Amino acid sequence: MSSLSHVDPEIAELITAEERRQADTVKLIPSENYVSRAVLEATGTVLTNKYSEGYAGKRYYEGQQVIDQIETLAIERAKSLFGVTHANVQPYSGSPANLAIYLAFLNPGDTVMGMGLPFGGHLTHGWSVSATGKWFSSVRYGVRRDTGRIDMDEVRSLALEHRPKVIFCGGTAIPRTIDFPAFAEIARETGAVLAADIAHIAGLVAGGAHPSPVGHADVISTTTHKTLRGPRGAMLMTSDDEHAKALNKAVFPGLQGGPHNHTTAAIAVALREASTDDFKTYAHQVVTNAKALAEELASRGFTLISGGTDNHLILIDLTSKGVAGKPAAQALDRAGLETNYNTVPFDPRKPFDPSGIRIGTPSVTSRGMGESEMRQIGSWMDEVVTSLAKGDADATESVITRVHAEVSALTAKFPAPGLD
């Protein structure tokens, strides 16, 4: 960063500080990961200088000889990796990708059905504070109180009653396998378009560690980071020609202007990496690590929503520990254990001060950590939360200081990909 250091030393210092923080932290937020040096290099290239409104071969600006090849490579790699006949790699992120689904298949006021945000759904699946909840009639399904799993009988009953035009499956805090065939059957019965939002699990799907929605969902949306280990972008996929046309038109000119070509190139690199045997091994290890961490936490008295996990994500209700999610997440962060506080199903507390925390294993697995490290992480989490619950601030800070030193010693043994 010699040029940046010369032009703007303040920003250069902050970037260096963030790099140190990421290297020294056990990153447990399930929506975060480390990109490879190759993905990082592709993101910071002269491709950011070029405008490319339109699609390959049909642009509104000249000078697209190279850009068309890059976007075509990304598209072909996405189609091959996920087994679809059409992919759009232009959406800026997951929310715009989902908005494109609304624009493609709905009119304002039409009914959409998705998982409620407090149960693990996403804002763009029709939640009230989102444009998708304000401009469309939203129906929400949840999970069973006794199992913490999606109640497919409720999903079918609501769908038959309200006849939504689009049904979303997937979300941001779902620790169990999504039953794509069951959702598809309900969508067919009610005449709805089934949209599978696999933003969290795309890397697991690509690596064969989670069932694929292909062949079940009419359209698929995903981010390209999280478990897929790419840049901050998104994709839309389908194998229906008419849906493909509607999605392309919705992305451009419906919602966006020129795509971010540097991001497109980095997506192409990440998709190439995700097609390797090493990535398949990684995807399965993510799940193995999550199960090991969940078992360790359960053995220490943590309440896990749905009792465990089938994927990369663990949702924890801290009520039985006598601690709320926000202070726990803040204390864990000071100890070098990065999580996020999160609402749990049927949470009596407010969203900004909820009962739970959400953790996952994509990032620690990218660093090469395994089951033994997961057990150690579970032990550290228990130490911090237990100390916090006792209410002795000085004792808690002492525990936090010691744990952070031990965390630093562990991270030093497992260098983070892409970092100096």
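Residues numbered from 1 in each chain as written. Predicted model: local features only at pLDDT ≥ 70, side-chain atom pairs only at ≥ 80, totals over all residues. Heavy atoms only, no water.

As a reminder, the rule being used: UniProt positions are given in the numbering used here, feature names are shortened, and annotations may be inferred rather than shown by experiment.
Per an unreviewed UniProt entry, the chain goes by Serine hydroxymethyltransferase and derives from Sphaerisporangium rubeum. Listed under Catalytic activity (unreviewed entry) in UniProt, the entry text for the chain is "(6R)-5,10-methylene-5,6,7,8-tetrahydrofolate + glycine + H2O = (6S)-5,6,7,8-tetrahydrofolate + L-serine". Looking at the Subcellular location (unreviewed entry) heading of the UniProt record, one finds this comment for the chain: "Cytoplasm".

### Remarks on the sheet that holds strand 12 (residues 313-317)
Note the following rule: Two strands pair if DSSP finds at least two bridges between them. Runs of E in the DSSP output that reach at least two residues are strands. Runs of H or I that reach at least four are helices, and both are numbered from the N terminus.
Overall, antiparallel pairing links the four strands, which are arranged 11-12-15-14 in an open sheet. In this open sheet, the two strands that pair with only one neighbour each are strand 11 (303-304) and strand 14 (340-342). Relative to strand 15 (residues 356-360), strand 14 runs antiparallel, the two sharing three bridges. Residue pairing across strands places N342 opposite G356, the latter belonging to strand 15.

### Focus: the side chain of H312
How we decide: Whenever a nitrogen or oxygen atom comes within 3.5 Å of another N or O atom, the pair is scored as a polar contact, on the condition that within protein one atom can donate a hydrogen and the other can accept it, and that pairs from neighbouring residues in sequence are kept only if both atoms are in side chains. Contacts were defined at the residue level, with two residues in contact if any of their heavy atoms lie within 4.5 Å.
Looking at where H312 falls in the secondary structure, it is placed in the loop between strand 11 and strand 12. Within the local environment of H312, its side chain forms a polar contact with the side chain of H200, the two groups lying 3.0 Å apart. In this structure H312 touches P30, H200, I201, L204, T227, V286, A290, I359, G360, T361 and P362, once residues within four positions along its chain are discounted.

### Focus: the pattern of salt bridges
Put simply, the test is: Should a side-chain nitrogen of Lys or Arg be within 4 Å of a carboxyl oxygen of Asp or Glu, the pair is scored as a salt bridge.
Counted according to the given criterion, the structure contains 19 salt bridges. In this structure, K79 and E76 form a salt bridge, with 3.2 Å as the shortest nitrogen-oxygen distance. A residue pair is termed a helical-turn pair when its members lie 3 or 4 positions apart in one helix, as K79 and E76 do in helix 4 (residues 65-82) at three residues. A network of salt bridges, in which partner residues are shared, links E296, R300, K321 and D382.

### Concerning the sheet that holds strand 5 (residues 111-115)
Condition: Note on method: axes are straight lines fitted to C-alpha atoms, helices fitted across the in-contact stretch only, with angles between N-to-C directions ranging 0 to 180 degrees.
Pairing in this open sheet of seven strands is mixed, and the strands run 4-10-9-8-7-5-6 from one edge to the other. Both edges of this open sheet fall to strand 4 (86-88) and strand 6 (137-141), since each of them pairs with a single strand only. Direction aside, neighbouring strands of the sheet carry axes that sit 20 degrees apart on average. Taken together, the four bridges between strand 9 (residues 219-223) and strand 10 (residues 234-238) define a ladder with antiparallel strand orientation. Looking at strand 10, one finds that S221 is bridged to L236. Relative to the sheet, helix 8 (residues 180-190) contacts strand 6, strand 7 (166-169) and strand 8 (193-197), its axis offset from that of strand 7 by approximately 170 degrees.

### A closer look at the nonpolar core
Here is the rule: Among the buried residues, those of types Ala, Val, Leu, Ile, Met, Phe, Trp, Tyr and Cys that are joined through side-chain atoms within 4.5 Å form a nonpolar core. The classification of residues rests on relative accessible area computed with a 1.4 Å probe and restricted to protein chains. Under 20% of the type maximum is buried, over 50% is exposed, and intermediate values are partly exposed.
Formed by 51 residues in total, the largest nonpolar core has its most connected members in F82, I167, F183, L228 and M235. In terms of residue count, the dominant contributor to this core is helix 8 (six residues). Residues contacting F82, with those up to four places away along its chain left out, are I198, A202, V205, A206, V214, L228, M235, M237 and L271. Counting 34 residues, the second-largest nonpolar core is a separate cluster that includes V26, A292, F302 and I314.

### Some words on the domain arrangement of the chain
Defined as follows: Throughout the structure description, domain borders are defined by an automatic or database domain assignment. Summed over both partners, the accessible area lost on bringing two parts together, with a 1.4 Å probe, is the buried area.
Each assigned domain of the chain is listed with its residue range as follows: domain 1 (40-275) and domain 2 (285-412). For domain 1 and domain 2, the distance between their C-alpha centroids amounts to 29 Å. Taken residue by residue, the interface counts 20 residues in domain 1 and 20 residues in domain 2. Carbon and sulfur atoms make up 58% of the area that domain 1 and domain 2 hide from each other, which totals about 1,700 Å². At the junction of domain 1 with domain 2, the criterion picks out one salt bridge.

### Points about the UniProt feature "site: Plays an important role in substrate specificity" (unreviewed entry) in the chain
Residues annotated by UniProt as "site: Plays an important role in substrate specificity" (unreviewed entry) correspond here to H225. Relative to the elements of secondary structure, H225 occurs in the loop between strand 9 and strand 10. Apart from residues no more than four positions distant in its own chain, H225 is found in contact with S31, G230, P231, R232 and G233.

### Let's talk about the packing of helix 13 (residues 325-334) against helix 15 (residues 371-390)
The relative placement of two packed helices comes down to the angle between their axes together with the axis-to-axis distance. Using the following cut-off: Every angle not falling under 35 degrees, over 145, or within 65 to 115 is termed oblique; those three ranges are roughly parallel, roughly antiparallel and roughly perpendicular. By definition, turning the near helix anticlockwise from the far helix through less than a right angle yields a left-handed crossing, and turning it clockwise yields a right-handed one. Asp, Glu, Lys and Arg are counted as charged, while Ala, Val, Leu, Ile, Met, Phe, Trp, Tyr, Cys and Pro are counted as nonpolar; the rest, among them Gly, fall into the polar class.
One way to put it is that helix 13 packs onto helix 15 with a least axis distance of 10 Å and a crossing angle of 125 degrees. In terms of orientation, helix 13 and helix 15 fall into the oblique class. In this structure, helix 13 meets helix 15 at a crossing whose hand is right-handed. Packed against helix 13, whose contacting residues are P327, A328, A331 and L332, the element helix 15 presents M381, V384, V385 and L388 at the interface. Of the residues that constitute the contact of helix 13 with helix 15, the class distribution is eight nonpolar, no polar and no charged.

### Considering the pairing of strand 15
Counting buried positions over the five residues of strand 15 gives five, a clear majority of the element. Two strands pair when backbone bridges link them, and strand 12 and strand 15 are joined in this way by five bridges, in the antiparallel orientation. Across the sheet, I314 pairs through a bridge with I359, a residue of strand 15.

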